[in-house]
Amino acid sequence: MGRITGRLGETYFIDKGQILQEGDCYRGEAIEKLAKFENFYEDLLTTQDSITKELEDLKNRNRERSYQYKELMALKLTNKHILRMFEASGL
């Protein structure tokens, strides 16, 4: 995945060709990439909620030692680490 933005001191810039204005709306590669990131982030949050519910269900059924529980816990921790990296980056 290549960068679309460049850096100039403390600010970022983008080539005009990466964003196209159509009336009051904008489109282009930069907008598409931002939308994909936002979709990924929302999916990650939704997945975390789902995993939490599944883990709670397994816990209620005394399946905390099951392979499924351990696998879900590992995924939850991995996702949590990714979310913390986003937060640390200001995203």
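Predicted, not measured: the structure shown is a model, and the values here were computed from it.

### Side note on the pattern of salt bridges
For the coordinates displayed, the defined rule picks out two salt bridges. Of the charged contacts in the structure, one is a salt bridge between Arg27 and Glu22, with a shortest N-O distance of 2.4 Å. On the basis of relative accessibility, which here comes to 44%, the residue Glu22 falls in the partly exposed class. With its nearest N and O atoms 3.3 Å apart, the salt bridge here joins Arg61 to Asp57.

### Considerations on the pairing of strand 1 (residues 5-8)
Looking at chain direction, strand 1 and strand 2 (residues 11-14) are connected through four bridges and run antiparallel. Directly across from Leu8, in strand 2, lies its bridge partner Thr11. Counted between consecutive antiparallel strands, the loop separating strand 1 from strand 2 contains two residues, among which Gly9 sits at a positive phi close to 70 degrees.

### Considering the environment of Glu64
Looking at the element boundaries, Glu64 is found in the loop between helix 1 (29-60) and helix 2 (67-88). Relative accessible area serves as the criterion here: at 35%, Glu64 is assigned to the partly exposed category. Excluding residues that lie within four positions of it along the chain, Glu64 makes contacts with Leu58, Lys59 and Tyr69.

Criteria and thresholds
- Residue positions within a chain follow its written sequence, with the count starting from 1.
- pLDDT decides what is reported in this predicted model: residues at 70 or higher carry local features, side-chain atom pairs at 80 or more are listed and counted, and totals for whole chains, interfaces and linings draw on all residues regardless.
- The basis for every side-chain value is the complete set of heavy atoms in the structure, and neither hydrogens nor water enter the calculation.
- A carboxyl oxygen of Asp or Glu within 4 Å of a side-chain nitrogen of Lys or Arg is what we treat as a salt bridge.
- For the exposure calls, accessible area comes from a 1.4 Å probe over protein chains only, and a residue counts as buried if that area is under 20% of its type's maximum, exposed if over 50%, partly exposed in between.
- Two strands make a pair as long as DSSP finds a minimum of two bridges between them.
- Helix numbering and strand numbering both begin at the N terminus, where a helix is a DSSP run of H or I of at least 4 residues and a strand a DSSP run of E of at least 2.
- Residue contacts follow a heavy-atom distance rule, with two residues in contact if any of their heavy atoms lie within 4.5 Å.

Without other data, these values stay purely geometric and don't point to any function.
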